[in-house]
Amino acid sequence: MRMPASLRRSPSGFAILFPLVGLSAVCALRVSAQDYDLVIRHGQIVDGTGRPAFAGDVAVRNGRIAVVGRVDGRGRTEIDAAGKIVAPGFIDVHTHSEVILQLPLAENYVRMGVTTIVTGNCGGSKLDVAAFFRDLVATRVTLNVATLIGHNTIRGQAMGGGFMRPPTAAELAKMCAFVERAMQDGAVGLSTGLIYVPGTYAKSDEIVAVAKVAAAHGGIYASHMRYENARILEAIEETCVIAREAGIRAEVSHLKLSDPNAWGRAAEIIARLDRARADGLAITHDQYSYTASATGLNSLLPADAREGGMKKFAERAKDPVQKARIVAAMKDTLRRSQRTDYTFAVIASYETEPALNGKTIAQAAKLKSGSDSLDAQIDLLIELAANGGAKGVFHSMSEPDLQEFLIQPLTMIGSDGGPRALGDDVPHPRSYGNNARVLGRYVRELKLLSLEEAVRKMTALPAQTFRLGQRGELRPDYTADLVIFDPQTVGDLATFEKPHQYAVGFSEVIVNGVPVIRRGEMTGERPGAPVKLTDKK
């Protein structure tokens, strides 16, 4: 029998999987009769590497894949996967899932085939990674969880309340110490959120300094870049500078063009990233499968007006002179983005007045003040911020750009969501349907991707990029995270109007060898575990 797929390195440093010369040898693999914990039979195996699907069985023992191919032994549990796809469990590299300690089942993720999540993105994370991992074990979660250490988190902890300045030498040393401890405790890298306070005030040299610490441990630098609009090339240049000077692999979070004045530039952006790779930088990207984003509505306010926190912002907004500056800056931003108002933004969650959830800013302004004028909309946004803030959904991207980014070989699938309580608020549907939407819409309906390529973007590529160890492929000795789904019915039901609807088509989901979905129903098992950086090459 031939050895498993050989790993070779591309000039940019990425591992490329080459198909086995004798694939039939895998399909015809026989073992002597023996018992397994689980055997999946008669499925079409999509193994995560991108190679063509093949008919076969999968056997699991002690939480690991034991056999891929033909299984002669019996399993204590047997699953007939005839007519279905058997694939590695999906790895979502971009989530905001610290709330998993309160929602440990994470059913919205499990039901779209996700078995491992990476949290701590966009600069926000738990500060004490070791304590977070201990809490995950004590809570008993359904999914496997990895985390980045967030730059906003460490900057806020080290610098106190004044952020519109560089850190002092002592503060920077403290930030580096936080990253060092996090990496030692198993974080997979460093994240930034450069549109959010306090990270938005950080200069590149500060980020390089803390990124060098993550790089020394083999970690990755994942960035919500400073600009995702017409200035996106500036942001990519900054990402390249940080990657080069810190000697670190880089990940562009949720790659997109978010304003009408930037639409149609996807090919230009990809060409720039390809040049960076040709120059020796290791840069990948992730993406969700929707043309709307989601974040705090405070992001629509000028960054300098938010300095010092939202209490300070509320004080500034009461001053007529300072409020006039805020309003003028907001109108100028709209003009430059080729928008006339905030109808593109929808209130997803506003605890002070839940009746506004699901309304556009214009609709909510009309309800509140009787006017949907631009001034009324801006007044509402200022009010929301002063009253504790609100989360929003932003319809800001174009479908052609989304598709151009999606087909790129180094684009992974990440939801940018988190665990959800069924029925709470009116959130973005991506937390319920992201992976299923790729398989249903972009594979089956539009045929933009092959099934094998889509699965690779959700499994082997994320596992290799974030160095998650023996995950993301169906091969012996790898962690037994698996999904079984019907390629003819898999899809998303969640919509922007009715987001709380689970994905369909997944009959079985297995985490660390334990079924968490069986015959389409949650089993109640919670076998998830912390996932630490395992490959520090």
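Residues numbered from 1 in each chain as written. Predicted model: local features only at pLDDT ≥ 70, side-chain atom pairs only at ≥ 80, totals over all residues. Heavy atoms only, no water.

## Let's talk about the overall build of the protein chain
A tally of regular secondary structure across the protein chain gives 16 helices and 23 strands. Computed over its C-alpha atoms, the radius of gyration of the protein chain comes to 23 Å, within 12% of the 24 Å expected for a compact globule of 537 residues. Considered along the principal axes of its C-alpha atoms, the protein chain spans approximately 80 × 50 × 45 Å. Here the protein chain holds 537 residues, and the buried ones make up 59% of them. Within the protein chain, counting contacts between residues at least 6 apart in sequence, those at least 24 apart form 75% of the total. With the model as given, the accessible surface of the protein chain reaches about 20,400 Å², and the carbon-plus-sulfur share is 52%. (Helix = DSSP H or I, 4+ residues; strand = E, 2+ residues; numbered from the N terminus. Rg over C-alpha atoms; globule rule 2.2 N^0.38 Å. Buried < 20%, exposed > 50% of the residue type's maximum accessible area, 1.4 Å probe, protein only. Contact = heavy atoms within 4.5 Å. Areas by Shrake-Rupley, 256 points an atom, 1.4 Å probe, with all protein chains shown as cover.)

## Side note on the packing of helix 11 (residues 361-369) against helix 12 (residues 374-386)
Packed helices, taken two at a time, are described by the angle between their axes plus the distance between the axes. Where helix 11 meets helix 12, the axes come as close as 9 Å, and the angle between the chain directions of the two elements is 85°. Viewed along their axes, helix 11 and helix 12 adopt a mutual orientation that is roughly perpendicular. On helix 12, the residues touching I361, A362, A364, A365, K368 and S369 of helix 11 are A376, Q377, L380, L381, E383 and L384. When grouped by side-chain class, the residues that make up the contact of helix 11 with helix 12 number 8 nonpolar, 2 polar and 2 charged. (Axes fitted to C-alpha atoms, helices over the stretch in contact; angles between N-to-C directions. Parallel < 35°, antiparallel > 145°, perpendicular 65-115°, else oblique. Nonpolar A, V, L, I, M, F, W, Y, C, P; charged D, E, K, R; others polar.)

## Points about the sheet that holds strand 17 (residues 345-349)
In spatial order, the strands read 16-18-17; together these 3 strands make up an open sheet with antiparallel pairing. The outermost strands of the open sheet, each flanked by one partner alone, are strand 16 (292-296) and strand 17. Recorded for the sheet is a direction-independent mean angle of 30° between the axes of neighbouring strands. Pairing analysis gives 4 bridges linking strand 17 to strand 18 (residues 391-395), with the strands arranged antiparallel. Bridge pairing in strand 18 links V346 to V393. (Pairing = 2+ DSSP bridges.)

## Concerning the packing of aromatic side chains
Overall, the coordinates contain 8 aromatic pairs when judged by the stated rule. Each member of the aromatic cluster is reached from another via a ring pair, and the members are F90, F485 and F506. Across from the ring centre of Y502, 5.4 Å away, lies the NZ or CZ of R111, which sits over that ring. (Phe/Tyr/Trp six-rings, centres within 6.5 Å; stacked < 30°, edge-to-face > 60°. Lys NZ or Arg CZ within 6 Å of the ring centre and 35° of its normal.)

## Describing the sheet that holds strand 10 (residues 144-147)
The 3 strands are arranged 8-9-10 in an open sheet whose pairing can be described as parallel. Each having just a single partner strand, strand 8 (90-92) and strand 10 make up the two edges of the open sheet. Going across the sheet, the axis of each strand differs from the next one's by a mean of 20°, ignoring polarity. Taken together, the 4 bridges between strand 9 (residues 114-119) and strand 10 define a ladder with parallel strand orientation. Bridge pairing in strand 10 links I117 to V145.

## Some details on the pattern of salt bridges
Applying the stated criterion across every chain yields a total of 31 salt bridges. In this structure, the salt-bridge partner of E234 is R231, at a minimum N-O distance of 3.0 Å. Residue class for E234 comes out partly exposed when judged on its relative accessible area of 42%. Linking K323 and D379 is a salt bridge whose minimum nitrogen-to-oxygen distance equals 3.0 Å. (Salt bridge = Lys/Arg side-chain N within 4 Å of Asp/Glu carboxyl O.)

## Examining the state of the cysteines
Should the sulfur atoms of two cysteines be covalently bonded, the bond is a disulfide. If you walk through the whole model with that rule in mind, you get 0 disulfides. Looking at the unpaired C122, the closest cysteine sulfur is the one in C240, lying at 18 Å. Residue C122 is classed as buried on the basis of its relative accessible area, which comes to 7%. (Disulfide = S-S within 2.5 Å.)

## Re the nonpolar core
Grouped together as the largest cluster of nonpolar side chains are 103 residues, with contacts concentrated most on V179, L439, F466, F485 and F506. L439 has contacts with F90, R444, L451, A454, M458, F485, V490 and F506, leaving out every residue within four places of it along the chain. Residues I326, L356, I361 and A385 belong to the second largest nonpolar core, which totals 28 residues. (Core = buried A, V, L, I, M, F, W, Y, C linked by side-chain atoms within 4.5 Å.)

## Section: the pairing of strand 22 (residues 514-518)
A regular strand places its side chains on the two faces of the sheet in alternate fashion. As defined by bridge partners, strand 21 (residues 506-511) adjoins strand 22 across 3 bridges and the pair is classed as antiparallel. Within strand 22, the position partnered with V511 by the bridge is V514. Following strand 21, the chain reverses through 2 residues before pairing antiparallel with strand 22; N512 in that reversal takes a positive phi of roughly 50°. Counted along the chain from strand 22 to the antiparallel partner strand 23 (residues 521-522), the turn is 2 residues long, and its residue R519 has a positive phi close to 55°.

## Digging into the confidence of the model for the protein chain
Of all residues in the protein chain, 93% have pLDDT values of 70 or greater, and the mean over the chain is 93. Counting contacts from residues 1-33, a segment whose pLDDT is below 50, to residues more than four positions away or on other chains yields 66 contacts. (pLDDT = per-residue confidence, 0-100.)

## Considerations on helix 15 (residues 451-458)
For helix 15, the tally of buried residues reaches 8 of 8 residues, placing the bulk of the element in the interior. Buried within helix 15 are the following residues: L451, E452, E453, A454, V455, R456, K457 and M458.

## A look at unusual backbone geometry
Trans is the prevailing form of peptide bonds, just as negative phi is the prevailing case for residues other than glycine. Residue P198 is bonded to the preceding V197 through a cis peptide linkage, with omega at 5°. For P198, the location among the structural elements is in the loop between strand 12 (189-193) and helix 6 (204-216). One non-glycine residue, A106, lies in positive phi territory at about 45°. Counting through the fold element by element, A106 comes out in the loop between strand 8 and helix 2 (107-110). One non-glycine residue with positive phi stands out, namely R140, at about 65°. Along the polypeptide, R140 turns up in the loop between helix 3 (129-139) and strand 10.

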